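Spelled out, the chains give:
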Amino acid sequence: MRVFLDTETTGLDEDAQVVEIAVVDDEGDVLFESYCRPTVPVDPGAYEVHGIGPDVLANAPQWPDIVGKVREVLEGNEVVIFNAEFDTRILVQTAAAHGDPAEWVRALDTCCAMYRAADVYGATNQYGTISLINAARRAGI
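Basis of the calculations
- Residues numbered from 1 in each chain as written.
- Predicted model: local features only at pLDDT ≥ 70, side-chain atom pairs only at ≥ 80, totals over all residues.
- Heavy atoms only, no water.
- Helix = DSSP H or I, 4+ residues; strand = E, 2+ residues; numbered from the N terminus.
- Rg over C-alpha atoms; globule rule 2.2 N^0.38 Å.
- Buried < 20%, exposed > 50% of the residue type's maximum accessible area, 1.4 Å probe, protein only.
- Lys, Arg positive; Asp, Glu negative; His and termini not counted.
- Charge placed at Lys NZ, Arg CZ, Asp CG, Glu CD.
- Expected span 1.5 Å × (residues − 1).
- Contact = heavy atoms within 4.5 Å.
- Salt bridge = Lys/Arg side-chain N within 4 Å of Asp/Glu carboxyl O.
- Core = buried A, V, L, I, M, F, W, Y, C linked by side-chain atoms within 4.5 Å.
- Pairing = 2+ DSSP bridges.
- Axes fitted to C-alpha atoms, helices over the stretch in contact; angles between N-to-C directions.

Visitor: Help me out: how do you make sense of the overall build of the chain in this one?
Guide: Secondary structure summary: the chain contains 7 helices and 5 strands in total. Relative to the compact-globule value of 14 Å for 141 residues, the chain shows a C-alpha radius of gyration of 15 Å, a close match. Principal-axis analysis of the C-alpha atoms places the extent of the chain at approximately 40 × 35 × 25 Å. Within the chain, the proportion of its 141 residues that are buried is 40%. Once the 9 positive and 24 negative side-chain charges of the chain are each reduced to a mean point, those two points are 4 Å apart.

Visitor: What's the story with helix 4 (residues 84-96) in this structure? I'm lost.
Guide: What sets the pattern is the α-helix's 3.6 residues per turn: residues three or four places apart point alike. With 13 residues, helix 4 should reach 18 Å at 1.5 Å per residue; the first-to-last C-alpha distance of 18 Å fits that figure. If you check which residues of helix 4 are buried, you get A84, F86, D87, T88, I90, L91, V92, Q93, T94 and A95. Contact partners of the buried residues in helix 4: strand 1 (2-9), strand 2 (18-25), helix 3 (63-74), strand 4 (78-81), helix 5 (103-106) and strand 5 (109-112).

Visitor: Can you walk me through the environment of A95 in this structure?
Guide: Structurally, A95 can be placed in helix 4. Residues A95 and V73, 22 residues apart in the sequence, show an inter-C-alpha distance of 17 Å. Sequence-distant contacts of A95, that is, excluding residues within four places in its chain, are made with W63, D100 and A102.

Visitor: It is not clear to me how the pattern of salt bridges should be interpreted in this structure. Could you clarify?
Guide: If charged atoms from side chains of opposite charge come close, those side chains can pair. Here the structure, examined in full by the defined rule, presents 4 salt bridges. The partner of R2 in a salt bridge is E78, with the nearest N and O atoms 3.1 Å apart. Of this pair, R2 sits in strand 1 while E78 sits in strand 4, and the two are 76 residues apart along the sequence. Note on R2: relative accessible area 37%, which makes it partly exposed. We classify E78 as partly exposed; its relative accessible area is 24%. The salt bridge partner of E72 is K69, with a shortest N-O separation of 3.2 Å.

Visitor: What is the right way to look at the nonpolar core in this model?
Guide: For soluble globular proteins, the rule of thumb is that nonpolar side chains tend to be buried together. Membership of the largest hydrophobic core comes to 28 residues, with the highest contact counts inside it found for I21, W63, V70, L74 and W104. Apart from residues lying up to four places away in sequence, V70 is in contact with I21, F32, W63 and W104. Core analysis: the second largest hydrophobic core is formed by 6 residues, V19, V42, I52 and L57 among them.

Visitor: Help me out: how do you make sense of the sheet that holds strand 1 in this one?
Guide: Two strands in a sheet stick together by hydrogen bonds in their backbones, pointing the same way (parallel) or opposite ways (antiparallel). Here 5 strands make up an open sheet; going across it, the order is 3-2-1-4-5 and the pairing mixed. The outermost strands of the open sheet, each flanked by one partner alone, are strand 3 (30-35) and strand 5. Mean inter-strand twist for the sheet, computed between neighbouring axes without regard to direction, equals 25°. Taken together, the 5 bridges between strand 2 and strand 3 define a ladder with antiparallel strand orientation. The partner of I21 across the bridge, within strand 3, is S34. Relative to strand 1, helix 4 is tilted by about 65°, and along the sheet it contacts strand 1, strand 2, strand 4 and strand 5.

Written out as structure tokens, the structure reads:
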């Protein structure tokens with residue numbers, strides 16, 4: 001089965017962690033969705049993007065509370081992610097913050113939708129990729 005993963009994070013750096021994670025299937029059915037209380041604060045720039053702050057995260061579960069369900073919906077499936085390298089790094093960093101080496105994340109069968117979109121619609125930045133908003137516009141979404 002093919003599933004689609006998206007995360008929101010505390011930021012972009014090597015300490016960034018998941019603050020929200022969602023997985024849907026080919027039909028758009030939500031297989032899993034949850035906030036995730038990080039061990040580090042949300043960077044102001046990240047908050048400006050997604051609006052998820054301490055008020056929302058105060059009572060959210062932490063990674064150890066949700067990792068079992070996350071693994072259940074991801075493992076054994078093709079996992080499509082827009083910027084797969086970033087999101088898998090964030091999953092590993094989030095797990096590491098809780099003492100979990102998360103080797104299973106590195107073993108996932110991932111497909112990077114960002115690179116596929118850049119192949120189809122053309123790169124729009126200096127990195128040879130395309131942003132999600134530009135990919136959606138070019139796809140007519």
